[in-house]
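Here is how the chains run, residue by residue.
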Amino acid sequence: MVEILVFFIGASLLLYVVLGGSDFGAGIIELLPAGPLRDAQKEVINRAMGPVWEANHMWLILVVVILFTGFPAIFTTVMIALHGPMLALLVGIIVRGVAFSFRHYDAVQEERTQRIYTWLFGLSSLWTSLWLGIIAASLNRGIIDPTARDFWAAYVAPWWGLYPLSVGVLVTCIYAFLAAIYLVGETKDPVLHRRFLRLAIVFNVLVILAGGLVFLASLGEQQSLAVAFARRPLNMAVMALATLLFVVLWFLVTKRRSLLARVVAAGQMALIPFGWYLLYAPDAVLTASGPLSFQDAAAPPATLRLLIIALVVGSLFIFPSLFYLLRVFKLRGTLPGRGS
Amino acid sequence: MDDLLAARATMAFSLGFHIVFASIGMTMPFMMCAAHWRYLRKKDPVYLELTKMWMKGVAILFAVGAVSGTVLAFELGLLWPGFMKHAGAIIGMPFSWEGTAFFLEAIAIGLFLYGWNRMHPWVHWGTGLLVGVSGFASGIFVVAANAWMNAPAGFDWVDGAALNVDPVAAMFNRAWLPQSLHMQIAALQAVGLAVAGIHAWLLLRGKAPDLNRKALRIAMVFGATASLLQPFAGHFAGTRVAELQPAKMAAIEGLFETRSRAPLTLGGLPDPETRTMKWGVEVPGMLSFLAHGDPAAEVIGLDRFPREDWPPVLITHVAFQIMVGIGTLLAIVGVLWFWFARRGEGPRWYLWTLVACAPLGMVAIEAGWVVTEVGRQPWIIQGIMRTKDAVTPVPGMVYHFYLFLVLYLALAAATTWLLLRQIRTVQKKFGG
């Protein structure tokens, strides 16, 4: 039963990275200078992200709910040790959640306020994705120490350092890359199309560089990634596959197969957290006093059983409606539409 | 402010903030659907305009409700890890259903907001209804989880650990039905009357009379009906509190001594030091009658509980008086509506009354939550776990509180400003 729930956590996290990631990335892209293209770019992003905006964020809530119901010990350990980063994350989530909606629904669309919304949306997207990476990296450093009494050791050391920061940068680059690839297929305007294509190339390079930075930064950790990878060859294969997919991806982009390119990019970016999880599986959190596995932290079987039922029944409702949402807005022309 | 108080203040503030937006998010879609339905049936463009106006309000308020709800999910762990360590597995079930309903709501709102002219009009209308239905369901699930803190069930507490966990019994605890009934009706009531008050004010100012009259009528169908039902739901909730949480009931009524023929005290300020009630008006035997259906029945007072197990009596009592006072007033306003509604929307003084009552429903909701939460203190799980044993060990919680105070006040200001801009724009379009 634990495995089924871990699968749901993993699937929700991957969908959050892949679907939510592109709207984080859209905010980051809007921070970059766009000159005269600024308004057109904003329109494309509003149109592309608006319908799926709220749904994209539900994956994160789902992860939180599964964790505190099914694995309360993991939830509380993380929420105590990483209180600071979680708070930072929440501030970002609040600001970007409202900035995006306010920008679209402000009854008076004037230059000055629109700029403030855009700026807030962009900055909070950058900020939030940075902290998401920091939090993810902090889970497996072996520094989280529930018995520590010293403030620094208990609440700062777990997330402090070059390695978590480098993972934050990697996440930011991944998000911006996903957004650029996604937006390439969202516009028919040749100038804007070229801009998103250029951004995709830039962020592709940055993802690779940031990945290298993560490897280097991990040398200062208790266990460097190089050692961890060498220990589990399957991960090498996953990472190699992720890298190889770049070739496929760019072939598709040049052939203008935007939908397929999205799928490949999403799959590729999903392989990175997947490979990362495989490095540490079945442990969820590595604390100073040893690993905390999903199995150790699991709630009583009655709870797990009911949680799985809720998730399966919920999926029966959520996936068809999500598919319908994507069909209405993302696969235009295939729908026998009515009206104008 | 010590860490415990700061954590409690943060939770109170986050919940008090979220509850406003959650109430709107789970009830306003129904009003929007009613207007939309009328448009689809009658093809009257005014109803279309009204639907879109309310829709934009829903979109803005939903966004705020969604982020403040996300914050709360995290805060359960950030503020109360000692609670969640045990409670997560027991009451996770309503939370997982709530998550599902919330997810559906988010998908439906995307479909409704952006789906104009993209799907069959009635399918589109259905997505709007789904926003309301799933939002309403998620409200019930969350309140069921809260009810469990008042009426813990579905586990055995042995040496500081929960054994024999039964999540179904936990979810359907003794308080879930009265509490969620009371809350859901309160949301319909508060939001219906708030919306009606805004449109009554615009009507009085002579703006867009046709639009505002139609809006007022739809909003009042919800607001007035709920106002009439609420006293019954409230009474149901009250008798259940008397049964399950006698200390809370005693604090609510400022009843220091256990007695039969207990009087109901209207107003008044209880003083826990001298164990007396100052300046209240007593209705003899009424409390015994309301709590147990018999004017001679014995009602348990605070004297049956050790002093350290008393909830803050003054706050609980005053908050309850505010809630019931407003509830009574709104019930009268509701009755009057059904009298006036047969001929237009009533005289000007009634419209002014509606304007004055606009914020009262929300005030009553806040007061009601103070009664529920403060009245349960010092327990976080009634009779099982004290709030001080549930709080996070992280020091400096006061900064966490200040951060959210500033953030939420700014957000409240921005949202209000945005809604005012919205209202002004629509009214300008209709002239007047």
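Each value, and the rule that gives it
- Residues numbered from 1 in each chain as written.
- Chains lettered and ligands numbered in written order.
- Predicted model: local features only at pLDDT ≥ 70, side-chain atom pairs only at ≥ 80, totals over all residues.
- Helix = DSSP H or I, 4+ residues; strand = E, 2+ residues; numbered from the N terminus.
- Rg over C-alpha atoms; globule rule 2.2 N^0.38 Å.
- Buried ≥ 20, exposed ≤ 12 C-beta atoms within 10 Å, placed from the backbone.
- Contact = placed C-beta atoms within 7 Å.
- Pairing = 2+ DSSP bridges.
- Nonpolar A, V, L, I, M, F, W, Y, C, P; charged D, E, K, R; others polar.
- pLDDT = per-residue confidence, 0-100.
- Axes fitted to C-alpha atoms, helices over the stretch in contact; angles between N-to-C directions.
- Parallel < 35°, antiparallel > 145°, perpendicular 65-115°, else oblique.
- Left-handed = near helix turned anticlockwise from the far one by under 90°.
- Expected span 1.5 Å × (residues − 1).

Visitor: Residues and numbers for the overall build of chain B, please.
Guide: Assigned secondary structure in chain B consists of 13 helices and 10 strands. Taken over C-alpha atoms, the radius of gyration comes to 23 Å for chain B, in line with the 22 Å a tight globule of 432 residues would show. Taking the principal axes of its C-alpha atoms as reference, chain B extends roughly 65 × 45 × 40 Å. For chain B, the residues scored as buried account for 57% of the 432 residues in total. A separation of at least 24 residues holds for 77% of the contacts in chain B among residues at least 6 apart in sequence.

Visitor: Give me the overall build of chain A: which residues, what numbers.
Guide: Broken down by element type, chain A carries 14 helices and two strands. Seen through its principal axes, chain A has C-alpha atoms that stretch 60 × 45 × 40 Å.

Visitor: Pulling in residues and values, what's your account of the pairing of strand E2 (residues 290-293) of chain A?
Guide: Residue and element names in this part refer to chain A. Alignment of strand E1 (residues 283-287) against E2, held across four bridges, turns out to be antiparallel. Paired with Asp283 across the two strands is Ser293, which belongs to E2. Hairpin connection of E1 to E2: two residues between the antiparallel strands.

Visitor: Provide a residue-level description of the environment of A:Leu311, including the pertinent values.
Guide: All names here are of chain A. In this fold, Leu311 is placed in helix H14 (residues 301-330). Look at Leu311 and you get buried, because 26 C-beta atoms sit within 10 Å. Sequence separation of Leu311 and Ile66 is 245 residues, and the distance between their C-alpha atoms is 8.9 Å.

Visitor: Could you give an account of the interface of chain A and chain B, with specific residues and numbers?
Guide: Counting from both sides, the interface comprises 57 residues of chain A and, opposite them, 55 residues of chain B. The set of elements that each furnish at least two residues to the side of chain A that touches chain B consists of helix H3 (53-70), helix H4 (72-81), helix H5 (83-105), helix H7 (151-156) and H14 of chain A. By residue number, the principal contributor to the side of chain A that touches chain B is H14(A), which donates 14 residues. Its residues assigned to classes, the side of chain A that touches chain B comprises 41 nonpolar, 13 polar and three charged.

Visitor: Describe the confidence of the model for chain B, listing the residues and the values that go with them.
Guide: Mean pLDDT over chain B stands at 91; residues scoring 70 or higher make up 99%. The ipTM, which scores confidence in the relative placement of chains, is 0.88 for this predicted complex, and the corresponding pTM is 0.90.

Visitor: Account for the packing of helix H6 (residues 176-204) of chain B against helix H11 (residues 348-357) of chain B, naming residues and giving values.
Guide: Residue and element names in this part refer to chain B. Two elements in contact, H6 and H11, have axes whose closest approach is 7 Å; the angle formed by their N-to-C orientations is 135 degrees. Considered as vectors, H6 and H11 are oriented oblique to each other. H6 and H11 meet at a crossing whose hand is left-handed. For the pair formed by H6 and H11, the contact residues are Leu193, Ala196, Gly197, Ala200, Trp201, Leu203 and Leu204 on the first element and Arg348, Leu351, Trp352, Leu354, Val355 and Cys357 on the second. For the contact of H6 with H11, the residue count by class is 11 nonpolar, one polar and one charged.

Visitor: So what's going on with H5(A)? Which residues, and what values?
Guide: Over its 23 residues, H5(A) extends 33 Å from the first C-alpha to the last, a length consistent with the 33 Å expected when each residue adds 1.5 Å. Among the 23 residues of H5(A), 20 are classified as buried, and the element is accordingly described as predominantly covered.

Visitor: Tell me about unusual backbone geometry, and name the residues and values.
Guide: Of note, the bond from B:Gln377 into B:Pro378 is cis; its omega dihedral lies within 30 degrees of zero at 0 degrees. Examined against the element boundaries, B:Pro378 turns out to sit in the loop between helix H12 (360-374) and strand E9 (379-381).

Visitor: So what's going on with the packing of helix H2 (residues 45-79) of chain B against helix H13 (residues 397-429) of chain B? Which residues, and what values?
Guide: Residue and element names in this part refer to chain B. Two elements in contact, H2 and H13, have axes separated by 10 Å at closest approach and are oriented at 170 degrees. It follows from the interaxial angle that H2 and H13 lie roughly antiparallel. Taking contact as the criterion, the partners of Met53, Lys56, Gly57, Ile60 and Val64 in H2 are, on H13, Leu411, Thr415, Leu418, Leu419, Gln422 and Val426.

Visitor: Hey, could you go over helix H8 (residues 246-253) of chain B for me, with residue numbers and the actual values?
Guide: Residue and element names in this part refer to chain B. Among the eight residues that make up H8, seven are buried, leaving the element largely enclosed by the rest of the structure. Along H8, the residues that are buried comprise Ala247, Lys248, Met249, Ala250, Ala251, Ile252 and Glu253. Next to the buried residues of H8 lie helix H7 (209-244), strand E4 (264-266), helix H9 (286-292), helix H10 (313-340) and H12. Positive backbone phi, at 60 degrees, marks Gly254, one or two positions downstream of H8.

Visitor: Outline the confidence of the model for chain A, listing residues and values.
Guide: Residues and elements named next belong to chain A. In this model, chain A carries a mean pLDDT of 86, and residues with pLDDT of at least 70 account for 97%. Across chain A, the element-wise mean pLDDT spans from 79 in helix H10 (residues 225-231) up to 93 in helix H6 (residues 111-138). Across residues 333-340, where pLDDT falls below 50, the model places six contacts with residues more than four positions away in sequence or in other chains.

Visitor: Quick one: what's the story with the environment of B:Tyr114, residue by residue and with numbers?
Guide: Among the structural elements, B:Tyr114 can be located in helix H3 (residues 81-114). Sequence separation between B:Tyr114 and B:Thr265 is 151 residues; the distance between their C-alpha atoms is 53 Å. Each residue touching B:Tyr114, except ones within four places of it in the same chain, is listed here: A:Gly50, A:Pro51 and A:Phe329.

Visitor: Please provide a residue-by-residue account of the environment of B:Gly325, values included.
Guide: Its place among the elements puts B:Gly325 in helix H10. The spacing of B:Gly325 and B:His400 is 75 residues in sequence and 34 Å in space, taken between C-alpha atoms.

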